[in-house]
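Examining the three-dimensional arrangement
The lines below spell out each chain.
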Amino acid sequence: MSEINSKTLESQTKSSVFRRRVFGHQGVMIGAAIVLAAVLIALSAPLIAPHDPYYQDLLNRLVPPVWDSRGSWEHILGTDHLGRDYLSRLIYGARISLLIGVGAALISGLIGTVLGVAAGYFGGRVDMVVTFMITVRLSMPVVLVALAVVAIVGGSLQVVIMVLGFLLWDRFAVVMRSSTLQIRSMDYVAAAQAVGCSTTRILTTEIMPNVVNNLIVIATLEIAHAIILEAALSFLGLGVQPPLPSWGLMVSEGKDMMLFEPWLITIPGVALFLLVLAINLLGDGARDITAPENRN
Amino acid sequence: MAELMIDAKDVTRNFTISRGMFRGKQQLKAVNGVDLTVERGEVLALVGESGCGKTTLAKVLLGLLPQTSGTVELCGQPINDVPRLALARTIQPIFQDPYSSLNPRKTIGSIIALPMKVQGIADQDSMRRRVEETMDLVGLPPRLYDAFPNQLSGGQRQRVAIARALVNRPQIVVCDEPTSALDVSVQSQILNLLNDLRNELNLTYIIISHNLAVVEHIATRVAVMYLGRIVEIADTDTLFKDPQHPYTRALLDSVLTPDPNMGIPNNQLGASYPNPIDPPSGCSFHPRCVNAMPHCATVAPNGKADGGHYVECHLYDDAS
Ligand SMILES: Nc1ncnc2c1ncn2[C@@H]1O[C@H](COP(=O)(O)OP(=O)(O)OP(=O)(O)O)[C@@H](O)[C@H]1O
Ligand code: SF4
Ligand SMILES: [Mg+2]
């Protein structure tokens with residue numbers, strides 16, 4: 001029995017294996033760097049923002065960014081149509097985007113995981129009900145429903161998070177259902193049953209750890225999705241309400257001046273694009289890293 | 001008479017097969033009226049073609065699938081009345097595929113400790129000691145305690161599965177093709193290990209296998225299954241020397257090649273395996289049987305026991 005490659009076991013500590021796996025993916029590194037930066041900026045917004053994002057300086061309206069010949073270092077990214085410092089608004093906007101993305105993904109992840117795992121594990125009637133719910137949910141156009149709800153209830157940060165959270169669980173449910181279905185048929189689940197494990201124990205120690213890597217991937221997708229939807233809702237005036245500095249709202253407020261002051265929409269637009277791209281890169285990498293077959 | 005560990009009477013297990021939305025549902029009789037007894041210390045082999053219901057029967061005996069009808073008694077107690085944990089202490093499975101039977105996210109140590117954790121009988125230290133003892137018993141080096149399953153070979157994984165099954169010292173072990181997923185060179189190691197463990201721990205085995213050489217080597221009694229029924233049971237020696245059921249003979253012929261010049265033996269099983277949803281009438285083996293008689297197609301044969309040798313075939317009907 002010399003079957004084991006003892007070198008693999010002894011010369012590599014867990015963390016070095018982990019590091020090699022992380023550095024093997026440049027995309028993850030870029031994504032992680034941007035996401036980390038966004039998180040840090042969001043957390044320390046009051047410390048790093050050069051101005052009050054709500055302070056209106058009507059004498060200094062529509063100052064262009066510093067790279068324009070009319071720009072100044074006082075307002076690095078210029079000011080908007082009310083004379084508010086654009087960089088500060090962008091920094092505070094990161095808070096809103098991340099809060100909405102993570103908040104909505106948490107709610108939808110919880111709903112989708114519970115439904116999907118239950119459907120996949122118990123099958124039968126439970127599965128029928130959940131599959132029906134997924135079908136119903138998929139037949140509702142997210143943006144329209146969100147618009148309608150927000151139009152009725154009124155837009156606010158909490159409402160947007162709740163509405164998106166209750167709308168975006170379908171992908172969680174579909175993926176959790178199919179991966180649970182697959183794991184449930186593995187012999188180690190039968191072995192756990194034969195050993196006398198309770199259903200709760202099987203779900204938490206045998207099923208969940210083997211499906212959770214999909215959860216991370218979907219969560220990143222849905223965070224990005226929620227951020228974009230929030231921007232869209234805010235752009236349409238039905239999301240986060242002014243004067244909160246949401247990136248979507250910034251694009252919306254800048255669209256009238258798009259021809260002459262294009263930075264008003266390109267700056268928040270690029271910020272949105274980068275953040276969403278970075279989250280997706282991170283998600284791709286997370287999937288590769290957490291797959292157990294990559295552990296060696 | 002020795003102590004009865006398993007006493008199954010007329011056990012049936014159906015699966016409901018849905019054939020699309022408008023065509024209704026059908027019952028597939030995966031196990032169809034099986035009577036089976038296993039005594040303490042026996043090694044009962046279950047043989048038969050793929051799809052004849054061996055795994056299903058094993059799962060019913062393990063309490064993993066409820067039977068559709070019939071009774072299973074485990075050490076004299078109906079299996080449906082045995083509490084989950086007590087059942088787990090009595091009977092344990094070893095599965096065919098060691099790549100699917102170990103949770104890839106857990107260390108070997110915690111996989112083997114799981115049965116003890118579930119029973120809640122031991123503290124951390126004694127659990128660890130017990131796991132290490134059991135690893136030693138099945139021939140796993142202690143350094144694998146913190147390894148993950150994907151760092152192990154197939155043979156080592158199967159040893160882990162055996163250790164998990166044995167750590168609480170069950171009385172009965174059901175092995176579903178314990179070696180067929182392994183390298184030939186490792187198969188005999190695992191079989192010898194199972195054999196040694198049986199003597200050492202006084203175990204009773206039910207072993208499912210396709211491999212008649214394995215069966216002859218390890219089993220004390222053999223049950224031959226065909227389409228959900230046991231068609232012949234006998235002591236291993238008797239069965240190999242004096243097979244009575246035409247299906248058993250065909251199975252044995254298909255592995256014993258007496259003369260290489262004769263080519264592949266003609267096992268007479270030319271007709272393909274029937275669809276279990278729609279089994280043949282009368283004796284379900286009749287479309288493939290070389291000895292089939294006219295009434296075989298209409299009348300199902302009754303079982304006939306001659307001492308310990310049970311066979312279900314019209315050839316052995318009493319002349320009347
Ligand atoms: N969960 C299930 N649902 C529907 N049909 C099933 C199910 N499990 C088994 N069957 C059917 O029951 C029959 C017996 O299956 P079983 O797995 O017991 O056969 P087996 O003898 O173990 O075969 P093998 O040697 O290939 O493992 C087969 O026809 C199979 O298709
Ligand atoms: S009963 Fe008839 S068909 Fe069935 S095995 Fe015996 S001889 Fe063959
Ligand atoms: Mg099987």
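Structure first, text after, so check above.
To start, this report covers the structure provided alongside it. (Residues numbered from 1 in each chain as written. Chains lettered and ligands numbered in written order. Predicted model: local features only at pLDDT ≥ 70, side-chain atom pairs only at ≥ 80, totals over all residues. Heavy atoms only, no water.)

1. Considering the sheet that holds strand β1 (residues 4-18) of chain B
All names here are of chain B. Overall, antiparallel pairing links the four strands, which are arranged β2-β1-β4-β5 in an open sheet. With one partner strand each, in any of the chains shown, β2 (25-39) and β5 (77-78) form the two edges of the open sheet. By the bridge criterion, two bridges tie strand β4 (residues 69-74) to β5 in an arrangement that is antiparallel. Across the sheet, residue Leu 74 finds its bridge partner in β5, namely Gln 77. (Pairing = 2+ DSSP bridges. Helix = DSSP H or I, 4+ residues; strand = E, 2+ residues; numbered from the N terminus.)

2. Structural notes on the packing of helix α3 (residues 108-119) of chain B against helix α4 (residues 124-137) of chain B
Residues and elements named next belong to chain B. Put simply, α3 and α4 touch, their axes get as near as 9 Å, and they point 115 degrees apart. In terms of their interaxial angle, α3 and α4 are classed as roughly perpendicular. Crossing of α3 against α4: the hand is right-handed. In this structure, α3 contributes Ile 108, Gly 109, Ile 112, Ala 113, Met 116 and Lys 117 to the contact, and α4 contributes Met 127, Arg 130, Val 131 and Met 135. (Axes fitted to C-alpha atoms, helices over the stretch in contact; angles between N-to-C directions. Parallel < 35°, antiparallel > 145°, perpendicular 65-115°, else oblique. Left-handed = near helix turned anticlockwise from the far one by under 90°. Contact = heavy atoms within 4.5 Å.)

3. Quick look at the interface of chain A and chain B
Between chain A and chain B, the residue contacts involve 30 residues of the former and 36 residues of the latter. Each partner contributes to the roughly 2800 Å² buried at the junction of chain A and chain B, and carbon and sulfur atoms together form 56% of this total. There are one salt bridge connecting chain A and chain B. For Glu206(A), the salt bridge goes to Lys106(B), with nearest N and O atoms at 2.7 Å. At the boundary of chain A with chain B, the tally comes to nine residue pairs in polar contact (both at pLDDT 80 or more). Elements supplying a minimum of two residues to the side of chain A that touches chain B: α1 (6-11), α10 (187-194) and α11 (199-235) of chain A. Among the elements that make up the side of chain A that touches chain B, the one with the highest residue count is α10(A) (seven residues). (Buried area = accessible area lost by both parts, 1.4 Å probe. Salt bridge = Lys/Arg side-chain N within 4 Å of Asp/Glu carboxyl O. Polar contact = N/O pair within 3.5 Å; in protein donor to acceptor, adjacent residues only side chain to side chain.)

4. Observations concerning helix α9 (residues 170-184) of chain A
Residues and elements named next belong to chain A. A rise of 1.5 Å per residue sets the reference length of α9, with its 15 residues, at 21 Å; its end C-alpha atoms lie 21 Å apart and thus fit the reference within 8%. The complete set of buried residues in α9 reads Asp 170, Phe 172, Ala 173, Met 176, Ser 179, Thr 180 and Ile 183. Check the buried side of α9 and you find it contacts α5 (86-122), α6 (124-138), α8 (157-167), α10 and α11. (Expected span 1.5 Å × (residues − 1). Buried < 20%, exposed > 50% of the residue type's maximum accessible area, 1.4 Å probe, protein only.)

5. A short note on the site of ligand 1
Residue and element names in this part refer to chain B. Around ligand 1 sit 15 residues, and of these Ser 50, Gly 51, Lys 54, Thr 55 and Thr 56 come closest. Take Cys 52: an N or O atom from its main chain is 3.3 Å from an oxygen atom of ligand 1. Gly 53 places a main-chain nitrogen or oxygen 3.0 Å from an oxygen atom of ligand 1. Look at ligand 1: alone it shows 630 Å² of surface, and the protein chains cover 64% of it. Breaking the shell around ligand 1 down by element, the ones donating at least two residues are β1, β2 and α1 (54-62). With three residues, α1 is the single largest residue contributor to the shell around ligand 1. For the shell around ligand 1, a count of residues per class yields six nonpolar, six polar and three charged. (Near = heavy atom within 4 Å. Areas by Shrake-Rupley, 256 points an atom, 1.4 Å probe, with all protein chains shown as cover. Nonpolar A, V, L, I, M, F, W, Y, C, P; charged D, E, K, R; others polar.)

6. Focus: the pairing of β4(B)
All names here are of chain B. Relative to β4, β1 is paired through five bridges, and the arrangement is antiparallel. Directly across from Ile 6, in β4, lies its bridge partner Leu 74. Once β4 ends, the chain turns through two residues before running back antiparallel as β5, passing Cys 75 with a positive phi of about 50 degrees.

7. Looking at the pattern of salt bridges
Residue and element names in this part refer to chain A. Under the defined criterion, the tally for this structure stands at 11 salt bridges over all chains. The salt bridge involving Asp 170 is made with Arg 137; its shortest N-O contact spans 3.1 Å. Residue Asp 170 is located in helix α9, and its partner Arg 137 is located in helix α6; the two are separated by 33 residues in the primary sequence. The pair formed by Asp 170 and Arg 137 is uniform in burial state, with each residue classed as buried.

8. Some points on the environment of Asp284(A)
Tracing the chain through its elements places Asp284(A) in helix α13 (residues 263-290). Sequence-wise, Asp284(A) and Pro209(A) are 75 residues apart; in three dimensions their C-alpha atoms are separated by 18 Å.

9. A closer look at the side chain of Gln92(B)
Inspection of the secondary structure puts Gln92(B) in strand β6 (residues 91-94). Apart from the residues lying within four places of it in its own chain, the contact partners of Gln92(B) are Ala194(A), Val195(A), Leu62(B), Ala165(B), Pro170(B), Ile172(B), Val173(B) and Val174(B).

10. Points about the nonpolar core
Residue and element names in this part refer to chain B. Ranked by size, the top nonpolar core spans 56 residues in total, and within it Ile 112, Ile 162 and Tyr 205 carry the most contacts. Discounting chain neighbours no more than four positions away, the residues touching Tyr 205 are Glu 42, Val 43, Leu 44, Val 173, Cys 175, Leu 194, Leu 197 and Arg 198. Grouped together as the second largest cluster of nonpolar side chains are 37 residues, Met 5, Val 38, Leu 65 and Met 225 included. (Core = buried A, V, L, I, M, F, W, Y, C linked by side-chain atoms within 4.5 Å.)

11. Some thoughts on unusual backbone geometry
Cis geometry is found at the peptide bond from Pro242(A) to Pro243(A), where omega equals 5 degrees. Looking at the secondary structure, you find Pro243(A) in the loop between α11 and α12 (247-254). Positive phi, close to 50 degrees, is recorded for Arg169(B), a residue that is not glycine. Structurally, Arg169(B) can be placed in the loop between α5 (154-166) and β7 (172-176). What makes Arg169(B) partly exposed here is its relative accessible area of 31%. Its identity as a non-glycine residue notwithstanding, Asn202(B) has a phi of 55 degrees, on the positive side. On the accessibility criterion, Asn202(B) (44% relative accessible area) is partly exposed.

12. Some details on the packing of aromatic side chains
Overall, the coordinates contain four aromatic pairs over all chains when judged by the stated rule. On the basis of an interplanar angle of 90 degrees and a centroid distance of 5.2 Å, the ring pair of Tyr121(A) and Phe122(A) is categorised as edge-to-face. Each ring, one from Tyr226(B) and one from Phe285(B), has its centre 5.0 Å from the other, and the planes form 80 degrees; the classification is edge-to-face. Of the two residues, Tyr226(B) is situated in strand β9 (residues 221-226) and Phe285(B) in the loop between α9 (246-255) and β11 (303-306); the sequence distance between them amounts to 59 residues. Through a chain of ring-to-ring contacts, three or more aromatic side chains come together here, namely Tyr226(B), Tyr247(B) and Phe285(B). The lysine or arginine in question, Lys255(A), covers the ring of Phe235(A), its NZ or CZ lying 5.4 Å from the ring centre. Across the ring face of Tyr145(B), the terminal group of Arg128(B) is positioned such that the distance to the ring centre comes to 3.6 Å. (Phe/Tyr/Trp six-rings, centres within 6.5 Å; stacked < 30°, edge-to-face > 60°. Lys NZ or Arg CZ within 6 Å of the ring centre and 35° of its normal.)

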